Structures are given as C-alpha cells and as structure tokens.
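One letter stands for each residue in the lines below.
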Amino acid sequence: AGVDRALALKPDFAVAHCLRGDVLVAMERYGEALASVERALELKPDLPEAHNNRAVSLRRLGRNAEAVASYDRALALRPNYAGAHANRGVSLLELERPAEALQAVERAITLDAD
C-alpha cells in the first residue's frame, strides 16, 4: 500500500518498483513481482537489488538459468552482495550444479556470517 502510494506520486521511482517486487514475492505473486522489478530495471539498470529481486522471482517461477544470469548481473554491480551470492547458490543447486552452489554459499558466508 505504501509503495503503491509512492508510485502513484512518482511512477518513475525505480527503488519503489524494486521494493514492490520484494513485497509481491513475499505474497507469492511471482509474475507480478517480476514485472515490477523489470520496470525498476528499465528505469535504473544499474540497481543491484533489482537484479537480485528479478532473479528471486525467476527462481520462484522455475526459471533458474535466467535467475543465475540475473544474480551474476547483480554481483557484477556489487561483488560483495552476500544475499545475491546466497540466492545464486540456491538456483545453482536447483540446476544440479552443487560444486558451484557450494562456492556461492561459502562466498556469502564469508561476506556476511549472519
């Protein structure tokens, strides 16, 4: 509701579109979440959080190969993004690439032990 109000006032607010996508993922509305973060990326292509949120939506939609590419883009923009490393590990595991998944998760833990 608050994010929607912000977007009503400023429809080109990329961070709000990204946050909206995050909320929609929590509500398990993955297609809508994907559309929201893709709008954020149209407005601000260098927003690592939007690439991560896009990847989370893609993973939840079973599109893990595309998700890994989005995580990679997030990490190109912010190499020390622990959450993106951890999420990337989940997608790699679902793609049956356990060695790479383990490396991604270990990197996430190195960056943020919590």
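Attention here is on the structure that accompanies the text.

## Some remarks on the nonpolar core
Then comes step 1: In this structure, Leu24, Val25, Tyr30, Ala33, Leu34, Val37, Ala55, Val56, Leu58, Ala67 and Tyr71 together form the largest nonpolar core, which totals eleven residues.
Then comes step 2: Secondary-structure elements contributing two or more residues to this core are helix H2 (14-26), helix H3 (30-43), helix H4 (48-60) and helix H5 (64-77).
Then comes step 3: Counting residues per element, this core draws most heavily on H3, at four residues.
Then comes step 4: Ignoring any residue separated from it by four or fewer positions in sequence, one finds Tyr71 in contact with Asn52, Ala55, Val56, Arg59, Ala84, Asn87, Arg88 and Ser91.

## Let's talk about the packing of aromatic side chains
Two measures describe an aromatic ring pair: the distance that separates the ring centres and the angle between the ring planes.
Then comes step 1: Inspection of the entire model under this criterion finds zero aromatic pairs.
Then comes step 2: Here the guanidinium or amino end of Arg78 rests over the ring plane of Tyr81, the centre of that ring lying 5.0 Å away.

## Thoughts on helix H6 (residues 82-94)
Then comes step 1: For H6, which comprises 13 residues, the first-to-last C-alpha distance of 19 Å matches the rise-based estimate of 18 Å (1.5 Å per residue) to within 8%.
Then comes step 2: Among the residues of H6, those classed as buried are Ala82, Ala84, His85, Arg88, Gly89, Ser91 and Leu92.
Then comes step 3: On its buried face, H6 sits against H4, H5 and helix H7 (98-111).
Then comes step 4: One or two positions beyond H6, positive phi appears at Glu96, with a value near 60 degrees.

## Focus: unusual backbone geometry
Then comes step 1: The backbone phi angle of Glu28 is positive, close to 65 degrees, even though this residue is not glycine.
Then comes step 2: For Glu28, the position within the fold is in the loop between H2 and H3.

## Some remarks on a nonpolar patch on the surface
Then comes step 1: Among the surface-exposed residues, Phe13, Val15 and Leu19 lie close enough to one another that they form a single nonpolar patch of about 230 Å² accessible area.
Then comes step 2: Turning to its location among the elements, Phe13 is positioned in the loop between helix H1 (2-9) and H2.
Then comes step 3: Judged by its relative accessible area of 34%, Phe13 is partly exposed.

## Here we look at the packing of H6 against H7
For any two helices packed against each other, one specifies the inter-axial angle together with the distance between the axes.
Then comes step 1: Relative orientation of the contacting elements H6 and H7 amounts to 160 degrees, with a least axis distance of 8 Å. By the angle between their axes, H6 is roughly antiparallel relative to H7. Of the two possible hands of crossing, H6 and H7 adopt the one that is left-handed. Residues Ala82, His85, Ala86, Arg88, Gly89, Leu92 and Leu93 of H6 form the contact with H7, whose own contacting residues are Pro98, Glu100, Ala101, Ala104, Val105, Arg107, Ala108 and Leu111.

## As for the pattern of salt bridges
Then comes step 1: Per the stated rule, a full pass over the model turns up eight salt bridges.
Then comes step 2: One salt bridge in this structure joins Glu94 and Arg59, with 3.8 Å as the shortest N-O distance. Here Glu94, found in helix H6, pairs with Arg59, found in helix H4; they are 35 residues apart in sequence, far enough to count as distant.
Then comes step 3: We classify Arg59 as buried; its relative accessible area is 14%.
Then comes step 4: Between Glu66 and Arg63 there is a salt bridge whose closest N-O contact spans 2.8 Å.

Cut-offs and rules
Residues numbered from 1 in each chain as written. Predicted model: local features only at pLDDT ≥ 70, side-chain atom pairs only at ≥ 80, totals over all residues. Heavy atoms only, no water. Core = buried A, V, L, I, M, F, W, Y, C linked by side-chain atoms within 4.5 Å. Buried < 20%, exposed > 50% of the residue type's maximum accessible area, 1.4 Å probe, protein only. Helix = DSSP H or I, 4+ residues; strand = E, 2+ residues; numbered from the N terminus. Contact = heavy atoms within 4.5 Å. Phe/Tyr/Trp six-rings, centres within 6.5 Å; stacked < 30°, edge-to-face > 60°. Lys NZ or Arg CZ within 6 Å of the ring centre and 35° of its normal. Expected span 1.5 Å × (residues − 1). Patch = residues over 30% accessible without salt bridge, like charges linked within 9 Å, V, L, I, M, F, W, Y side chains within 5 Å. Areas by Shrake-Rupley, 256 points an atom, 1.4 Å probe, with all protein chains shown as cover. Salt bridge = Lys/Arg side-chain N within 4 Å of Asp/Glu carboxyl O. Axes fitted to C-alpha atoms, helices over the stretch in contact; angles between N-to-C directions. Parallel < 35°, antiparallel > 145°, perpendicular 65-115°, else oblique. Left-handed = near helix turned anticlockwise from the far one by under 90°.

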